[in-house]
Amino acid sequence: MVSLKLQKRLAADVLKCGQRKIWLDPNEINEISLANSRRNIARLHRDGLIIKKPTVVHSRARVTLRNEAKRKGRHTGKLLNLSAF
């Protein structure tokens, strides 16, 4: 297995993203390993051998539902009506 640390770092810089967002085609490892310049990395990106992964969605839907319930007095952890006991 060839180390592709340099290629991944260069690709992250060329594509202006983090290294975890870079996908290197596992079927073309030999060709990617020969790329040792930013120009070669950009060419591989144009050819589709290096892809920038989409951003991961971090949904706030559950937070919104919990905040609505908290506005109604849920999830407070204390008794609001002591006369019921």
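What counts and how
- Residues numbered from 1 in each chain as written.
- Predicted model: local features only at pLDDT ≥ 70, side-chain atom pairs only at ≥ 80, totals over all residues.
- Heavy atoms only, no water.
- Helix = DSSP H or I, 4+ residues; strand = E, 2+ residues; numbered from the N terminus.
- Rg over C-alpha atoms; globule rule 2.2 N^0.38 Å.
- Salt bridge = Lys/Arg side-chain N within 4 Å of Asp/Glu carboxyl O.
- Buried < 20%, exposed > 50% of the residue type's maximum accessible area, 1.4 Å probe, protein only.
- Core = buried A, V, L, I, M, F, W, Y, C linked by side-chain atoms within 4.5 Å.
- Axes fitted to C-alpha atoms, helices over the stretch in contact; angles between N-to-C directions.
- Parallel < 35°, antiparallel > 145°, perpendicular 65-115°, else oblique.
- Contact = heavy atoms within 4.5 Å.
- Nonpolar A, V, L, I, M, F, W, Y, C, P; charged D, E, K, R; others polar.

## Things to note about the overall build of the protein
A tally of regular secondary structure across the protein gives four helices and two strands. For the protein, the α and β elements follow one another from N to C terminus as α-β-α-α-β-α. Relative to a compact globule of 85 residues, whose C-alpha radius of gyration would be 12 Å, the protein shows 25 Å and is clearly more extended. Once the C-alpha set of the protein is aligned to its principal axes, its extents read approximately 75 × 25 × 20 Å.

## Structural notes on the pattern of salt bridges
The tally for this structure, following the rule as stated, stands at two salt bridges. Measuring nitrogen to oxygen at the nearest pair gives 3.6 Å for the salt bridge that ties Asp 47 to Arg 43. Placement of the pair is Asp 47 and Arg 43 together in helix α3 (residues 38-47), with a separation of four residues, close to one helical turn. Residue class for Arg 43 comes out partly exposed when judged on its relative accessible area of 35%.

## Re the nonpolar core
Residues Ile 22, Leu 24, Ile 32, Ile 41, Leu 44 and Ile 50 are the most contacted members of the largest nonpolar core, which totals 14 residues. Mapped onto this core, the elements with two or more residues apiece are α1 (5-14), β1 (22-24), α2 (29-34) and α3. Broken down by element, the residue count for this core peaks at three residues, all from α1.

## A short note on the packing of α1 against α3
The relative placement of two packed helices is expressed as an angle between their axes plus a distance between the axes. As a packed pair, α1 and α3 sit with axes 9 Å apart at the nearest point and diverge in direction by 75°. With respect to their mutual orientation, α1 and α3 come out roughly perpendicular. In contact with Gln 7, Leu 10, Ala 11, Asp 13 and Val 14 of α1, α3 contributes Arg 38, Ile 41 and Ala 42. Residue composition of the contact of α1 with α3, by class: five nonpolar, one polar and two charged.

## Side note on α1
Along an α-helix, residues three or four apart share an orientation, since each turn contains 3.6 residues. Within α1, burial applies to Gln 7, Leu 10, Ala 11 and Ala 12. Of the surrounding secondary structure, the elements contacted by the buried residues of α1 are β1, α2, α3 and β2 (50-52). Downstream of α1 by a residue or two, Lys 16 has a phi angle that is positive, lying close to 55°.

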